[in-house]
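Chain by chain, the residues run as shown.
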Amino acid sequence: MKVPFALPDCGKDEIQEVTEVIKSRWLTTSSRTLRFEKEFAEHIGARYCLAVNSGTAALHLGLEALGITRENKVIVPIHTFSATAEVVRYLGADPVFVDVDRSTFCITAEVIEKLLDRHGEMINDGSLKAIIPVHFGGHPCDMDGIMEVAQSSDLRVLEDAAHAFPAFCQFSSQKDASSKQRLKNRDLKMVGTIGDVTCFSFYATKPITTAEGGMLATDDDRINKRVQVMRLHGINADIWSRFSDTQADWSYDVIAPGFKYNMPDITAALGIHQLRKAEQFRKRREIIAKTYYQELANIPGLILPKIKCSIENHSWHLYVALIEPKETIDGINRDQFIQKMKEKDIGTSVHYIPLHRMTYYRKQYGLRPEMFPNSEWVFQHCVSLPIYSAMADGQVEYVVDSIREILKR
Ligand SMILES: *Cc1c(COP(=O)(O)O)cnc(C)c1O
């Protein structure tokens, strides 16, 4: 048997919709992109959703619309994919890296508070402008706490939700009411409706995919207007109809040096159908996570993810286990474990090589591993197991049996 680390889950509906786009002879941004945006906004309950051609583009446009410039600093977790930090550099601003929680791999309100206590001058001189929480692996950050710190220090919040669709954040009281009731009470909020801006990714391995793509969600009129303009060359009007509609006006104006970040219809066609299956995909991943918890419990040296949210609030994009070689029966370490999984034709991955280990960030900001003990420890021990909706029961079973065999259980 063979188990790839990740596979997209596209079916007949996607194939048919993409075929229709090709036949329509209108391949780039038009009605399907607009429909995808509208349906995505309805799904998460945000006022505006803007489709773009990558999650990175969404992060870049979001920060730009928040007014981040080269004078500014932005809080970024050290334990993330490089896109989260590079977009800060696109604008000439500087990331202020913070360590993450050892069990959720997310940043916490406490870590941000401590940073603000130590470096209050960044608040006083107005250079620190924003925080980018990453909902790592689909585990929702403690947005209740983070929003409170942000509001009290006048910081904007841009969420990197590349892993977190769909995911839910718990707010304040009534932790034991049912999810439906809590959604109604607004104690439970969907990721995409909390911070100033939320950015999703539809890269091929993400929870839903358009091959490449992203979505920016916001409730803010000004951010919506700015992103509309900046995602397409800084053009101040809707020009999609310019080429297809014979009656359309030829004139337009450029009001800013914008970017080329629009999502084409041919990829939105995938998104429309992926969106309809998103909850079902998440449920399937949750079932796989539950199987791993159940079948891989009590294996010496294997630490399963300790979550700080309820299992149904997590999007389960990643299932990150930790290998403690001192406790495994044969003293197997993470790298040996990955090698043995490879020999059994099972794909795994490491999320992530922390940014303090990347040449550019290390040199530019003088970062050392000792500055981020949790992230460094997680990096040295972590292995991501396959978890995706297209995984068959037999494949899940094969992964479980193989791990038991490798770790002698
Ligand atoms: C994938 C990813 C991104 C970037 O998304 P793209 O669509 O690939 O540009 C950003 N942040 C995190 C944490 C990611 O995993």
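Caption draft 1: Just the domain arrangement of the protein, in detail. On domain assignment, one finds that the protein holds domain 1 (12-276) and domain 2 (278-406). Distance from the C-alpha centre of domain 1 to the C-alpha centre of domain 2: 26 Å. The contact between domain 1 and domain 2 buries some 3300 Å² in all, and 59% of this surface belongs to carbon and sulfur atoms. Ranking the residues of domain 1 by area buried against domain 2 places I78, H79 and R102 at the top, with a combined share of 19%. At the junction of domain 1 with domain 2, the criterion picks out one salt bridge. Across the salt bridge formed by D101 and K308, the nearest N and O atoms sit 3.0 Å from each other.

Caption draft 2: Representation of the packing of aromatic side chains within the structure. As enumerated under the stated definition, the model contains 17 aromatic pairs in all. By way of ring pairs, the aromatic residues F36, F40, F165, F200 and F202 are connected into one cluster. One Lys or Arg, R102, reaches over the ring of W377 and ends 4.3 Å from the middle of that ring. The ring of F171 is capped by K189, whose NZ or CZ atom sits 4.5 Å from the centre of that ring.

Caption draft 3: A look at the side chain of E159. Note that E159 resides in strand β5 (residues 156-160). Buried and unpaired, E159 has K189 as its nearest opposite-charge partner, separated by 9.5 Å. Within the local environment of E159, its side chain forms a polar contact with the side chain of H135, the two groups lying 2.7 Å apart. When near neighbours in sequence (up to four residues on either side) are disregarded, E159 contacts P133, H135, M143, V191, I194, G195, V197, T198 and C199.

Caption draft 4: Structural view of the site of the ligand. Within the structure, the ligand sits among 16 residues, and G55, T56, H163, S201 and K206 are positioned closest to it. Separating an oxygen atom of the ligand from a side-chain N or O atom of H163 is a distance of 2.7 Å. Within the side chain of K206, one N or O atom sits 3.0 Å away from an oxygen atom of the ligand. About the coverage of the ligand: the protein hides 92% of its 380 Å² of free accessible area.

Caption draft 5: Expanded view of the sheet that holds strand β10 (residues 302-303). If you walk across this open sheet you meet the three strands as β10-β11-β12, and the pairing is antiparallel. Looking at strand neighbours, the two that pair on one side only are β10 and β12 (382-385), the edges of this open sheet. Relative to strand β11 (residues 319-323), β10 runs antiparallel, the two sharing two bridges. Within β11, the residue paired with L302 across the bridge is I323.

Caption draft 6: Inspection of helix α15 (residues 393-406) at higher detail. Between its first and last C-alpha atoms α15 spans 20 Å; for 14 residues at 1.5 Å apiece the expected length is 20 Å, and the two agree. All of the buried residues in α15 are Q395, V396, V399, V400, S402, I403 and I406. The arc that holds every buried residue of α15, seen down its axis, measures 165°, which confines them to one face. Across from the buried face of α15, at angles greater than 90 degrees, the exposed residues are D393, E397 and E405. Buried residues along α15 sit in contact with α11 (278-295), β10, α12 (334-343) and β12. The positive-phi residue at the C-terminal boundary of α15 is K408, with phi of around 60°.

Caption draft 7: A look at the sheet that holds strand β9 (residues 214-218). Overall, mixed pairing links the seven strands, which are arranged β1-β9-β8-β5-β4-β2-β3 in an open sheet. Each edge of the open sheet is held by one strand with a lone partner, namely β1 (48-52) and β3 (94-98). The mean inter-strand angle of the sheet, taken between neighbouring strand axes irrespective of direction, is 25°. Bridge count for β1 against β9 is five bridges, and the pairing is antiparallel. Its bridge partner being in β9, V52 is matched across the sheet by G214. Of the strands in this sheet, β4 (128-131) and β5 are in contact with helix α7 (residues 143-152), which crosses β5 at around 150°. Strand contacts of helix α9 (residues 221-230): β1, β5, β8 (197-201) and β9, with the helix running at about 20° to β1, the strand carrying the most contacts.

How each quantity is defined
- Residues numbered from 1 in each chain as written.
- Predicted model: local features only at pLDDT ≥ 70, side-chain atom pairs only at ≥ 80, totals over all residues.
- Heavy atoms only, no water.
- Domains from an automatic or database assignment.
- Buried area = accessible area lost by both parts, 1.4 Å probe.
- Salt bridge = Lys/Arg side-chain N within 4 Å of Asp/Glu carboxyl O.
- Phe/Tyr/Trp six-rings, centres within 6.5 Å; stacked < 30°, edge-to-face > 60°.
- Lys NZ or Arg CZ within 6 Å of the ring centre and 35° of its normal.
- Helix = DSSP H or I, 4+ residues; strand = E, 2+ residues; numbered from the N terminus.
- Buried < 20%, exposed > 50% of the residue type's maximum accessible area, 1.4 Å probe, protein only.
- Lys, Arg positive; Asp, Glu negative; His and termini not counted.
- Polar contact = N/O pair within 3.5 Å; in protein donor to acceptor, adjacent residues only side chain to side chain.
- Contact = heavy atoms within 4.5 Å.
- Near = heavy atom within 4 Å.
- Areas by Shrake-Rupley, 256 points an atom, 1.4 Å probe, with all protein chains shown as cover.
- Pairing = 2+ DSSP bridges.
- Expected span 1.5 Å × (residues − 1).
- Arc of directions from axis to C-beta.
- Axes fitted to C-alpha atoms, helices over the stretch in contact; angles between N-to-C directions.

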